[in-house]
Amino acid sequence: MTLRMAAVAANFDRDLEADFARVERLIGQAREAGVRLLALPEGTLGGYLLSLDGTAEPPPAFTADSPEIQRLARLAGDLVVTAGYAEAAGGLIYNSAVCVTGDGVLGQHRKVHQPLREDEHYAAGDRFEAFDTPVGRLGLMICYDKAFPEAARALALDGAQIIVCMSAWPGARTNPDPDLAKDRWKRRFDLFDRARALENQVVWLSANQSGTFGSLRFVASAKVVDPGGEILADTGVTEGMAIAELDIEQALDLARRSMGHLRDRRPEAYEPAWA
């Protein structure tokens, strides 16, 4: 199955109507380019936090079956689209991601790992689960989740062929480099993307916020990475859409033929001595 896919770097804020207009435009551009899987950033609907010091007002929150998510699904139409939003559930707010087509919601994820003081605003998710879509079996992650190898590994072991990581990843908070392309947090962002794809031998889509929002300056750097850890398309530190085409099954077979990182695991050797 040859799949044309795209990851977006774009800026989204509290103006929900403007956010939806931007989503509609991006989906239209993707459709014109023949894209079937489109990854939008963390906080696509309503933006992210203005700061990570615990004082920022959180974005508006919606339930998973809200009119806003239904609207996103209608816009997706024949595409598979992933996007981040603040989810209201059980009296809590989660930093969540959803995968939709015109038929409705295919899968969801609640961010598990929370950096700095993000936990002042959001409850944490507690699982990583893959799910089937028209373009293959997908797994979702959000931003800081990708700093933890176990997260991507759990999705790969659950059969994910493609992992989409949606982020609002900023540049360094201390001693930031004036040249965002040289920023050390940007370098970490890229390293995580390539390492997670390579170690799990999966296709990796990384979407991110771009520009600035409050005190945060985002590194953009949306990209598509193949199962060998090679970057197929990258927006750099500016807004854009990274588009790549790949035969998913063939790419996975080739990557795993000689050295299958999932196949060659030795789980019994990983038990800590103190367990």
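In the block above lies the structure referred to throughout.
Residues numbered from 1 in each chain as written. Predicted model: local features only at pLDDT ≥ 70, side-chain atom pairs only at ≥ 80, totals over all residues. Heavy atoms only, no water.

A. Here's a closer look at the packing of helix 3 (residues 149-157) against helix 4 (residues 184-200). Axis separation between helix 3 and helix 4 bottoms out at 10 Å; the angle between their running directions is 40°. With respect to helix 4, the element helix 3 is oriented oblique. As for how helix 3 packs across helix 4, the hand of that crossing is right-handed. Two secondary-structure elements touch here, helix 3 through P149, A152, R153 and A156 and helix 4 through R196, E199 and N200. For the contact of helix 3 with helix 4, the class distribution of residues is three nonpolar, one polar and three charged. (Axes fitted to C-alpha atoms, helices over the stretch in contact; angles between N-to-C directions. Helix = DSSP H or I, 4+ residues; strand = E, 2+ residues; numbered from the N terminus. Parallel < 35°, antiparallel > 145°, perpendicular 65-115°, else oblique. Left-handed = near helix turned anticlockwise from the far one by under 90°. Contact = heavy atoms within 4.5 Å. Nonpolar A, V, L, I, M, F, W, Y, C, P; charged D, E, K, R; others polar.)

B. Local environment of the pattern of salt bridges. For the structure shown, the criterion picks out 20 salt bridges. Between R22 and D19 there is a salt bridge; the shortest N-O distance is 3.5 Å. Placement of both R22 and D19 in helix 1 (residues 16-32) is noted, with a separation of three residues, approximately one turn of the helix. By relative accessible area, D19 is classed as buried at 0%. Connected through salt bridges with shared partners, the residues K146, K186, D190, D193 and K223 form a single ionic network. (Salt bridge = Lys/Arg side-chain N within 4 Å of Asp/Glu carboxyl O. Buried < 20%, exposed > 50% of the residue type's maximum accessible area, 1.4 Å probe, protein only.)

C. Inspection of the layout of surface pockets at higher detail. The volume enclosed by the largest pocket comes to roughly 270 Å³. Lining the largest pocket are 14 residues, with P115, L116, Y144, W169 and W185 sitting closest to its centre. The residue inventory of the lining of the largest pocket, partitioned by class, reads 11 nonpolar, no polar and three charged. Each pocket or cavity is described by its volume, and for the second largest pocket that value is around 150 Å³. Looking at the lining of the second largest pocket, its residues break down into five nonpolar, three polar and three charged. (1 Å grid on protein atoms, 1.4 Å probe; cavity = no way out; pocket = protein on both sides within 12 Å on 5 of 7 lines; lining within 4 Å. Points joined across faces, edges and corners; volume = space filled by probe spheres on them.)

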